[in-house]
Amino acid sequence: MSTVVTVDVAVVGAGPAGLAAAVAATETGARVAVVDAGNQPGGQFWRHAPETGNPGTADVQPHGHHGWSTYLDLRARFDAARSAGRITYLPGLQVWMAQHSGDAFVLRTTAAVASSGATPATVAADRLVLCPGGYDRQLPIPGWDLPGVMAAGGIQAFIKANGVLPGKRFVIAGTGPFLLPVAAGIAEAGGKVLAVLESSSPSAWLPHLRAAAGVPGKALEGMAYAAVFARHRIPYRTRNIVTEILGTDRAEGVRTARVDAAGRVRPGTARTYADVDVVGFGWGFTPQLELPVSLGVETRLDADGSLVGIVDERQQSSVPGLYLAGEVTGVGGATLAVLEGLAAGAAAARPESDVPVKQPAAIARHRRFAQAMHHAHPVPAAWQDWLSPDTTVCRCEEVTAGEITEARDQLGARDIRSLKSFTRAGMGWCQGRVCGFASACLSAGPGQMPDAGSLASSAKRPLAAPVGIGELAAQDG
Amino acid sequence: MNTQPVTISFDGRPLAAAAGQSVGAALASQGITAWRSTRKGGKPRGLFCGIGVCFDCLVTVDGEPNQRACLVEACDGMEVEGS
Amino acid sequence: MTHGSDVLVIGAGVIGAATAYFAARQGLSVTVLDKGLPASGTSSACEGNILVSDKELGPELELTRYSLGVWHHDLEEHKKLWEFDSKGGIIVASRESSLASLHRVMAVQKSYGVDVEELDQSALRDAEPHISPEALGGASYREDCQVQPMLVAAHLVRLATEAGARFIADCPVSGFLGSGPDGGRVTGVRTPRGDFPAGAVVNCTGTWAGELAAMAGVEVPVLPRRGFVIVTEPLPAMIRHKVYAAEYIDNVGSSDAGLQASPVVEGTPAGSILIGSSRERVGFDRTVSTAALGLLARNATALFPFLKDVKAIRHYHGFRPYCPDHLPVIGHDDRAPGLWHAAGHEGAGIGLSAGTGKLLAQALAGLTPDMDLSPFAPARFSAPGKHTPVHREEATA
């Protein structure tokens, strides 16, 4: 058996929400353990170059980081609590199973990287705060399985962690405000962004500006990107999509087209960008729901079509003692994640008291802004029309769109569970993390979006991370 | 950014990298975009999600198979093999 | 609806799908109802075994061999649809005592015509190069096969509909027509989507069969027995057969309600290795058991040591529908005329489905079935003491 760390509050994740939750919980008097897959705090949003052997790196703001001062403040408080022995920090570990037995939560972990030397520990806690974040939502596009095609967030993470670019000439496509910092980060790091293709339209923002107006920081952020775009002459083309990635054994170019409001391709608008070596895609984000779902948390469909956990005003889920913060309660960005993390950490540390939620008005305002963004940047209703029968949908098991629609139409695979059984879509290494949303859309039918039940079924991953059979063999209870 | 140079090997060939850089980044910055073939179609694969979610970028590191190149930090003398 | 079907099948798992397929091919008008979609119960949470090697001598073995013939002949043309794989099974003994037990079992099986061949240590290593050095010997069963069970159910439903059957999904049965507290002939079923009259109603609802039978006022003691299976990362072919351990033979007749696990390890066409299979009588509890996962992993690595460095990417569990005497319930229920059952196949339902469906279809059509169904008679549970065989535990899901 691995060592058991017993604490009052366990926090999963050390990104904006997790760091905030850990700091708030410890400052409210709880003994805290933080389990994180990363080797150092920050998560995806505050990802930065390795600190090992580089004291002081954390003080230098890398490219494209917003809210870095917030990070430095939380990090200082986190480090102080660690030094004082009030936070047990367990980096480099992934939770492969979370259990709730009796009054305690138990987290079983495994090293994220075999050679990292991270020693798996079992964490037992009275309360649990899950802050697992999310990752870029993807739609299959003909040619998207060619090397050189990446998740937009993957490109950003690459730059933040490594300080270099994964290529020279980029096209960034999809929908949502996140495409802007990705493109700006590439340009600032010396890459050429040939175009940013946004399937939605800025005019779609207008009805939602009232909600957005309450968050001036966001507007400033937008203006900063506008300046970067102007300086680097990055074309921002709305109502445009990539219809195909060209190339034989790697991405060499893209074909694009204009679309209408529903995402239908407008005939005669095809255009080709040649000499492209990296294509980045992002269609919003998918919150990582497997741990909440495995613990029985009640879920709902958010405005962006994502499955999210339901929480009360203290960030507590439907499972008593289990708190959620950050993207798992609704994709809303780092500022909101920090606010939620602070509320969740404080509440988890003192569940019996009525600690007032810090900045409830700010949380509400950021949620309204996030909703506005979701409405302004929907997944195009007609996206399934872009597929050809031989387009790969499940990258792991190499299942094509044709195989999926055949299973749906011939064998009645009208839910994600049947679809997985019949086609193996979502059954491979990533367990449907990448293709889950698209497969759920396809099983629901042309033009359809998946309901909460289908996405919950897709998020059911009895092992939340791959774990060695040898490690399983050491489990005896 | 740490620029301390290290040398790893990729499929037996020496490859310059920076300490702490991910193996995926070390490969990509040398123009190597694919290092694995899929089981069914034999299609080339490299980095995709970049954050450990998709498992497209699997490599063998010092004999340990199926490691995510986007997560493994390069260090001097590390032997990396594609599949 | 105004006029009914000849046959109404409740449940679109493999048993219901096979029954519908063969009934439709007999020229009967068939309606299949399922409370969800095809293969959403035990059929989707098993290993797809068609095994001869682990069967109890007697009616179970007879039905198994009959069913194997149906898979190979009647269903031959569709084999590719459900990834039929004649991979063969190997039982491995790692202790002198279990090797001796295995030899005794083989001798009896041979006398019943089972195709079994002894493997000495080197023949075993030729057959399975990665087997543990501790393995002393084994037995090879060439007749053991495997299918992808969800595809079997889904395609048999599709083929049945092509032969004229009607399939209605998301249609749970809420009661029977005709049968009341006083009994009386079952003449169809009630559902939220209306009444479905039928000449014969077939209960193919697996672990739910007892619940359904109770609605008609009869007892069919089908109970759930939980099993976990671990799925590994995809690998190059390392394990060629369905390999399981002989140690369970030492525990013949165990009726322990607690956790037991016999190692069953096999490769799949997708590259993943399946590691089964535990047995627990815990009702319909879906709580993940780390104890069960740990036991499976320890057993599997004892058989194939290389597995300790292999990663698990998923696990699943299912509920085997079992009867106290470990025989399925197949045939007309004389206590509730018009009601038939085909359920309680425990861990052997996939293998037995083809034969069960064909035999039942013959009986439903008024023909004499190819094989005597009386050992499987539903009414046997009403006559306590008449049927008390000692059966050993199923080895596999």
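Everything below is about the structure printed above this text.
Criteria and cut-off values
Residues numbered from 1 in each chain as written. Chains lettered and ligands numbered in written order. Predicted model: local features only at pLDDT ≥ 70, side-chain atom pairs only at ≥ 80, totals over all residues. Heavy atoms only, no water. Pairing = 2+ DSSP bridges. Helix = DSSP H or I, 4+ residues; strand = E, 2+ residues; numbered from the N terminus. Contact = heavy atoms within 4.5 Å. Axes fitted to C-alpha atoms, helices over the stretch in contact; angles between N-to-C directions. Patch = residues over 30% accessible without salt bridge, like charges linked within 9 Å, V, L, I, M, F, W, Y side chains within 5 Å. Areas by Shrake-Rupley, 256 points an atom, 1.4 Å probe, with all protein chains shown as cover. Salt bridge = Lys/Arg side-chain N within 4 Å of Asp/Glu carboxyl O. Lys, Arg positive; Asp, Glu negative; His and termini not counted. Charge placed at Lys NZ, Arg CZ, Asp CG, Glu CD. Buried area = accessible area lost by both parts, 1.4 Å probe. Polar contact = N/O pair within 3.5 Å; in protein donor to acceptor, adjacent residues only side chain to side chain. Nonpolar A, V, L, I, M, F, W, Y, C, P; charged D, E, K, R; others polar.

Novice: Before we move on, can you summarise the sheet that holds strand S5 (residues 116-119) of chain C with the specific residues and values?
Specialist: Pairing within the open sheet is mixed, and its nine strands lie in the order S22(A)-S16(C)-S12(C)-S15(C)-S14(C)-S13(C)-S4(C)-S6(C)-S5(C). A strand with exactly one partner marks an edge of an open sheet, and here the two such strands are strand S22 (467-468) of chain A together with S5 of chain C. Here strand S4 (residues 89-93) of chain C pairs with strand S13 (residues 242-245) of chain C via four bridges, running parallel. If you follow Gly89(C) over to S13(C), its bridge partner there is Lys242(C). Set on the sheet, helix H3 (residues 96-111) of chain C makes contact with S4, S5 and strand S6 (137-141) of chain C; between it and S6(C) the angle comes to about 25°. Across the sheet, helix H7 (residues 290-303) of chain C lies against S4, strand S12 (223-232), S13, strand S14 (260-267), strand S15 (273-279) and strand S16 (311-322) of chain C, angled at about 55° from S14(C), the strand it touches most.

Novice: Give a detailed account of the sheet that holds strand S8 (residues 149-151) of chain A, specifying residues and quantitative values.
Specialist: Residues and elements named next belong to chain A. Within the open sheet, the five strands sit side by side as S8-S15-S9-S10-S11. Their pairing is parallel. A strand with exactly one partner marks an edge of an open sheet, and here the two such strands are S8 and strand S11 (236-238). Here the average twist between neighbouring strands, direction ignored, is 20°. Looking at chain direction, strand S9 (residues 169-175) and strand S15 (residues 278-283) are connected through six bridges and run parallel. The residue of S15 that forms the bridge with Ile172 is Gly280.

Novice: So what about a negative patch on the surface? Which residues, and what values?
Specialist: A contiguous patch of negative charge, built from Asp11(B), Asp62(B), Glu79(B) and Glu81(B), is present on the exposed surface. Relative to the helices and strands, Asp11(B) resides in the loop between strand S1 (5-10) and strand S2 (13-18).

Novice: Please give an account of the interface of chain A and chain C that cites residues and values.
Specialist: Across the boundary between the two partners, chain A contributes 32 residues, which contact 37 residues of chain C. Of all residues in chain A, Leu411(A), Trp429(A) and Ile469(A) give up the largest surface area on contact with chain C, accounting jointly for 22% of the area buried on that side. Here chain A is connected to chain C by one salt bridge. A salt bridge links Asp170(C) to Arg414(A); its shortest N-O distance comes to 3.5 Å. Applying the counting rule to chain A against chain C returns nine residue pairs in polar contact (both at pLDDT 80 or more). For the side of chain A that touches chain C, the elements supplying multiple residues, two or more each, are strand S4 (93-101), helix H10 (401-411), helix H11 (416-423), S22 and helix H14 (469-473) of chain A. For the side of chain A that touches chain C, a count of residues per class yields 14 nonpolar, 11 polar and seven charged. Inspection of the sheet shows S22(A) paired to S16(C) by two bridges, in the antiparallel sense. Residue Val467(A) lies in a different strand from S16(C), and its bridge partner there is Ala312(C).

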